Amino acid sequence: MTRFCNFHLPTIFKTVIFSTTILIGQTFLQFNNSAATAASLYQHVLLLSVDGLHDADIADPLLQPYLSNIKNLQANGVTYTNAFTSIPSDSFPGELNYLTGASPKTTGVYYDNSYSRSLLSKLGSPAGTEVLFDESIDKNSNLLSGGGDFGKGSIDSSKLPVDSIGKPIYPHNYLNVNTIFEVAHDAGLHTAFIDKHPAYDLANGLSGNGVDDFFAPEINAKVALENGKLVDQSTAQDPSNLTFKTTTKSTSLTEAYDDLKVNALLNQIAGKDSQGTTTPGTPAIFGMNFQALSVAQKDASSNGGIAADGTLSAGFIDALEHTDASIGNIVNGLKQQNSFDSTLVVLTAKHGQSPREGTATLISENTFTDILEKAGITVNHATQDDIGLFWLADQSQADTATTLLKNLNNPAINQVFSGDALQQAGFGNPLSDDRTPDIIIKLNPGYVISDSTKRAEHGGFSDDDTHVALIAASGIVPSGLKATIQTQTVKTTQVAVTALDALGLDPELLQGAVKEGTKKLPGLGISDTRSVPEPDTSLGLLSIMGLMLSVSLWRRRKQLLTIQNSKFTH
């Protein structure tokens, strides 16, 4: 018996210890994986913005024949009939709504054309400068590439505002908070984004590295169609036979421009980069925007928009049909890659367009600035569309300016905000925030401040500006939720939180959403995918029992060895 224990006990002991170690390891790994890797409902989130698309458009019986693919999306998801974008309803803050989960007050970005009291136009100049992030900062805005790499590399740093030490402020530097792309990128996921100017480097977020594959062909490039392909002076085979003009001067050119971006998106859906040259895999978060509908809505000729009596113009119908067909191509691309079920598709709009029906009454751009200047109130900067944003040289004159504007009794003016009224309306405090305008004029619907000819514009407070389309769909939306309508009021900021939650990422990492308490969209069947499942306690119990047995055998072995050694001694 003693010999049996001396010879076989170590083998038994090693076997038990090995088995116990395996069980403990399995338990630890299972718990660790459940805690560190959230169970995600989706592998991808695709964000699509059709600039100018109202909720009223997708509900309009007259437009249904031209919305077959959007209707199919509705059939596979949830439609939010009371969704609203930012105020001001410009492209930059509207897009940041769904990329940061926050409003302009928090992001610090009120418009693509705004003002900062702390930045400089160049080193050595006084503090306070216009901040203009559009085609004007391109290396060469006549080219689709922007004169560079279709992205941040197309921005001419000498055209940017600078900080107090002369550092150029790129669009992404101008943000006060991070973006959903940064959260995904930091989690090791692949990200991509497609937009209309290299200035949409903004989407990269504070780090400047949130988007792995950023593709932003310049929409204001000088272009032409050559053999059905959109070209500029640098890419045309025979430029001498072509007439080049700004993309947005033609709905058909803008449709071709949208096609350029759709092809890049289809590359990404297929697992390639936007140019189709590498294969990084389908992005976890990606998206693009469409411009053709917005261009058609602004067209002041009889070829654009919807007339006051509801008659649809030929240009409007063409742009709507073309955009809807592109959405169908994108969904088909997802299905061809067997990824429609694993992708949450969100269709919305950065902004609407006002007026939706009829033609705007135009007001000269110097209407309000001249009145203020004549009263001795210097306006450092004014941004005006169907809204008026004014930054004053002397902020102490804000109350005087407000009274003056109110007393005009101008039929275009609905309300004038300054001081406490600004903050009560959801804006920042201009006395402590270098970005917030001193005065904001809310215009009555149907008025636009512009010296250009246009039938509609965006930027303001009206329902036509802010009440946008919002649909969230996929192949695995629960059958009880498909084709449902959510009528409660939601904001497009909620898209950002929903996107991260759908991927199993932590929305608490989204700084702006946390600051504003932004919640995810209701009614999608996306529970809190970040909740940690309970570890398998059966494995844990086996591990504990194995460990107890090992300890018992170890003690018994020591006792037997003591007895054996005692016998040999005697």
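In this text, all values refer to a predicted model and were calculated from it rather than measured experimentally. Per chain, residues are indexed from 1 in the order of the written sequence. The model is predicted, so local features are restricted to residues of pLDDT at least 70 and side-chain atom pairs to those at 80 or more, both for listing and for counting; the totals for chains, interfaces and linings are taken over all residues. Only hydrogens and water are set aside; all other atoms, that is, all heavy atoms of the structure, feed into the side-chain values.

## With respect to the overall build of the protein chain
A run of H or I in DSSP becomes a helix once it reaches four residues, and a run of E becomes a strand once it reaches two; helices and strands are each numbered from the N terminus. In terms of helices and strands, the protein chain carries 17 helices and 22 strands. Residue contacts are defined here by distance: any two heavy atoms, one from each residue, within 4.5 Å place the two residues in contact. Long-range contacts, defined here as pairs at least 24 residues apart, represent 72% of the contacts in the protein chain between residues at least 6 apart. A 1.4 Å probe and the Shrake-Rupley method give the accessible areas. Residues count as covered only by the protein chains that appear here. Approximately 23900 Å² of the protein chain is accessible, and the part contributed by carbon and sulfur atoms is 52%.

## With respect to the sheet that holds strand 8 (residues 222–226)
Pairing between the strands of a sheet is mediated by backbone hydrogen bonds and can be parallel or antiparallel. If you walk across this open sheet you meet the three strands as 9-8-10, and the pairing is antiparallel. Looking at the sheet topology across the chains shown, the edges are occupied by strand 9 (229–231) and strand 10 (245–246). Sheet topology places strand 8 next to strand 9; three bridges connect them, and they run antiparallel. Looking at the pairing, alanine 224 lines up with valine 231 of strand 9. When DSSP finds two or more bridges between a pair of strands, those strands are recorded as paired.

## Here's the deal with the nonpolar core
Among the nonpolar cores identified, the biggest contains 54 residues, and Leu47, Tyr80, Leu99, Phe133, Ile180, Leu344 and Leu470 are the most heavily contacted of them. Elements supplying a minimum of two residues to this core: strand 1 (44–50), strand 2 (77–80), helix 4 (91–100), helix 7 (180–186), strand 12 (343–348) and helix 15 (493–502). Of the residues forming this core, the biggest block, six residues, is contributed by helix 15. Filtering out sequence-adjacent residues up to four positions away, tyrosine 80 remains in contact with Asp55, Leu470, Ala472, Gln486, Val490, Leu521, Pro522, Gly523 and Leu524. For the purposes of this section, nonpolar cores are sets of buried Ala, Val, Leu, Ile, Met, Phe, Trp, Tyr and Cys residues that join through side-chain atoms within 4.5 Å. Relative accessible area decides the class of each residue, using a 1.4 Å probe on protein chains only: under 20% of the type maximum gives buried, over 50% gives exposed, and in between gives partly exposed. Listed in part, the 37 residues of the second largest apolar core include Ile70, Met288, Leu334 and Leu347.

## Focus on the pairing of strand 12
Among the six residues of strand 12, six are classified as buried, and the element is accordingly described as predominantly covered. Residues Thr343, Val345 and Leu347 line one face of strand 12 and the alternating positions Leu344, Val346 and Thr348 line the opposite face, and both faces are buried. Judged from the six bridges that link them, strand 1 and strand 12 form a sheet pairing that is parallel. Of the residues in strand 12, the one forming a bridge with serine 49 is threonine 348. Bridge count between strand 12 and strand 20 (residues 471–473): three bridges; the pairing is antiparallel. Bridge pairing in strand 20 places valine 346 opposite alanine 472.

## A few points about the environment of glycine 148
Relative to the helices and strands, glycine 148 is located in the loop between strand 5 (129–132) and helix 6 (171–174). In this structure glycine 148 comes out as partly exposed when scored by relative accessible area, which is 34%. Spatially, the C-alpha atoms of glycine 148 and proline 198 are 9.2 Å apart, while their sequence positions differ by 50 residues. If we skip the residues at most four places from it in the chain, glycine 148 touches Gly153 and Ser154.

## Looking at the layout of surface pockets
A pocket here means an open set of points on a 1 Å grid, computed over the protein atoms alone, that has protein on both sides within 12 Å along at least five of seven lines. A cavity is instead a set of points where a 1.4 Å probe fits but cannot get out; residues with an atom within 4 Å of a point line either one. Grid points are joined across faces, edges and corners, and a volume is the space filled by probe spheres set on the points. Of the voids in this model, the largest pocket is the one considered here, and its volume is about 1200 Å³. Lining the largest pocket are 39 residues, and of these Asn220, Lys298, Asp385, Lys454 and Glu457 sit closest to its centre. When contributions to the lining of the largest pocket are tallied by element, the ones reaching two or more residues are helix 9 (292–298) and strand 14 (379–384). The residue inventory of the lining of the largest pocket, partitioned by class, reads eight nonpolar, 18 polar and 13 charged. Computed from the structure, the second largest pocket encloses a volume of approximately 440 Å³. Surrounding the second largest pocket, 23 residues form its lining, Thr85, Ser86, Ile87, Ser103 and Lys491 being those nearest its centre. Every element with two or more residues in the lining of the second largest pocket is listed here: helix 5 (104–107), strand 22 (490–491) and helix 15. Class assignment for the residues of the lining of the second largest pocket results in eight nonpolar, 11 polar and four charged. Asp, Glu, Lys and Arg are counted as charged, while Ala, Val, Leu, Ile, Met, Phe, Trp, Tyr, Cys and Pro are counted as nonpolar; the rest, among them Gly, fall into the polar class.

## Focus: the sheet that holds strand 14
With antiparallel pairing, the four strands of this open sheet are ordered in space as 14-15-17-16. Edge strands, defined here as strands with exactly one partner in the open sheet, are strand 14 and strand 16 (413–417). For this sheet the average axis-to-axis angle between neighbouring strands, irrespective of direction, equals 15°. By the bridge criterion, four bridges tie strand 15 (residues 387–392) to strand 17 (residues 439–443) in an arrangement that is antiparallel. Note on method: axes are straight lines fitted to C-alpha atoms, helices fitted across the in-contact stretch only, with angles between N-to-C directions ranging 0 to 180 degrees.

## What to know about helix 12 (residues 398–406)
Every buried residue of helix 12 is listed here: Ala398, Ala401, Thr402 and Leu405. The buried residues of helix 12 all sit within an arc of 100° when viewed along its axis, so they share a single face. Across helix 12 from its buried face, at more than 90 degrees, point the exposed residues Asp399 and Thr400. Structurally, helix 12 contributes buried residues whose contacts are with helix 11 (367–374), strand 15, strand 16 and strand 17. Taking the helix axis as origin, the arc is that swept by the directions to the C-beta atoms.

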